[in-house]
Amino acid sequence: MKILVALKRVVDYNVRVRVKSDGTGVETDGVKMSINPFDEIALEEALRIKERGEAEEVIVCSIGSNDVQQQLRTGLAMGADRAIHVETEVATQPLTAARVFMKLIERESPGIVFLGKQAIDDDCNQTGQMLAALWDRPQATFASKVELADGKATVAREVDAGLETIEIDLPAVMTSDLRLNEPRFVKLPDIMKAKRKPLDTVAIGDLGIETAADIESVSFEPPPKRGGGKMVGSVAELVGELKNKGLL
Ligand code: AMP
């Protein structure tokens, strides 16, 4: 079985995001970029499945400009076998990304397509669900535990009420939640080895995918600055302040 893992290049989660001065987007020049944290977790899980002998190959894929190859190389250094870069200069929306992954599924026939539950840049949380619909296969989103047996997956999902466990037939789409695992650190020799692993590039147009944006971002603005806090001496004073502000 092959596992296809999606890695999105995003602003590193430790970076304080700044809106560009002209309000056309978020500043990425000179900013540290990383693999979307949920995608790193998805890759870690795929690698563990392979290490348990339940998969033969882990393929990482990313959609974007040539820069995404940095994240693909990191994925290869973590242990993925090969990488596919789907090249486009246009920032893709979830439906376009799902259509691309569908094309890769047609080429690779994976048993599992593992994505992050959401990309931390746009927080859409849509691509995995859309992909399952396009593929017409089961989905296990927000996975916090995955067990495979007899062509099925038993997946514990993080839902509002706690944990829900479902069983799905493979092939299927899975999306990772935060508590699924702790991704491994990349070691220097693995970075060197990763340089020799195969990384194929395909232009998004050659997959027959239109990149016209479904959504136009009109403007970006940072959240308003927080006003200073006020220390109160008692519960009564707190209640009074809240009433003054019309919050009670
Ligand atoms: P979203 O629906 O945008 O929150 O993204 C959910 C997941 O889809 C991400 O965590 C990635 O695994 C995958 N994904 C979305 N866009 C891309 C992209 N451009 N390249 C690689 N993976 C992506």
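Residues numbered from 1 in each chain as written. Predicted model: local features only at pLDDT ≥ 70, side-chain atom pairs only at ≥ 80, totals over all residues. Heavy atoms only, no water.

Novice: Honestly, the pairing of strand E6 (residues 112–116) in this entry has me stumped. Any pointers?
Specialist: On any regular strand, side chains alternate: one points to one face of the sheet, the next to the other face. Counting buried positions along E6 gives 5 out of 5 residues, so the element sits mostly inside the fold. Burial along E6 is two-sided: the face carrying Ile 112, Phe 114 and Gly 116 and the face carrying Val 113 and Leu 115 are both buried. Where E6 meets strand E10 (residues 172–176), 5 bridges bridge the pair, whose relative direction is parallel. Within E10, the residue paired with Val 113 across the bridge is Val 173. (Buried < 20%, exposed > 50% of the residue type's maximum accessible area, 1.4 Å probe, protein only. Helix = DSSP H or I, 4+ residues; strand = E, 2+ residues; numbered from the N terminus. Pairing = 2+ DSSP bridges.)

Novice: Whenever I open this one, the side chain of Ser 144 confuses me. Can you help?
Specialist: Relative to the elements of secondary structure, Ser 144 occurs in strand E7 (residues 139–149). Taking relative accessible area as the criterion, Ser 144 reaches 14% and is therefore assigned buried. The residues touching Ser 144, leaving out its near neighbours within four places in the chain, are Ala 156, Glu 158, Leu 163, Arg 179 and Leu 180. (Contact = heavy atoms within 4.5 Å.)

Novice: Sorry, what's going on with the sheet that holds E6 here?
Specialist: The strands that make up a sheet pair up through hydrogen bonds in the backbone, lying either parallel or antiparallel. The 9 strands lie next to each other as E9-E8-E7-E10-E6-E1-E4-E5-E11, forming an open sheet whose pairing is mixed. The open sheet has two free edges, formed respectively by strand E9 (162–169) and strand E11 (199–203), since each of these has just one partner strand. Put simply, the sheet's adjacent strands are angled 30 degrees from each other on average, direction ignored. Running at roughly 175 degrees to E10, helix H4 (residues 127–135) makes contact with E6, E7 and E10 of the sheet. (Axes fitted to C-alpha atoms, helices over the stretch in contact; angles between N-to-C directions.)

Novice: Before we go on, may I ask you to explain the pattern of salt bridges in this structure?
Specialist: A side chain of one charge can pair with a side chain of the opposite charge when the charged atoms of the two come close. Counted by the stated rule, this structure contains 19 salt bridges. Notably, a salt bridge pairs Asp 81 with Lys 50, separated by 2.8 Å at the nearest N-O pair. Residue Asp 81 is found in the loop between helix H2 (68–78) and strand E5 (82–87), and its partner Lys 50 is found in helix H1 (residues 37–51); the two are separated by 31 residues along the sequence. Exposure remark for Lys 50: the relative accessible area of 27% places this residue in the partly exposed category. (Salt bridge = Lys/Arg side-chain N within 4 Å of Asp/Glu carboxyl O.)

Novice: Looking at this structure, I do not really get empty space enclosed by the protein. What am I missing?
Specialist: Evaluated as defined, the whole model comprises 1 cavity of 30 Å³ or more. The computed volume of the largest cavity comes to approximately 340 Å³. For the largest cavity, the lining is made up of 27 residues, of which Lys 8, Ala 97, Phe 101, Ala 119 and Thr 127 are closest to its centre. Its residues placed into classes, the lining of the largest cavity shows 10 nonpolar, 12 polar and 5 charged. (1 Å grid on protein atoms, 1.4 Å probe; cavity = no way out; pocket = protein on both sides within 12 Å on 5 of 7 lines; lining within 4 Å. Points joined across faces, edges and corners; volume = space filled by probe spheres on them. Nonpolar A, V, L, I, M, F, W, Y, C, P; charged D, E, K, R; others polar.)

Novice: Sorry if this is basic, but what is going on with unusual backbone geometry here?
Specialist: Residues apart from glycine generally show negative phi values, whereas peptide bonds are mostly found in trans. Across the junction of Leu 170 and Pro 171, the peptide omega takes the value 0 degrees, indicating a cis bond. With respect to the helices and strands, Pro 171 occurs in the loop between E9 and E10. Here Ser 109, not a glycine, exhibits a phi torsion of approximately 45 degrees, which is positive. Among the structural elements, Ser 109 can be located in the loop between helix H3 (94–108) and E6. On the basis of relative accessible area, Ser 109 is assigned to the exposed category, the value being 57%. In this structure, Asp 150 takes a positive phi of about 50 degrees despite not being glycine.

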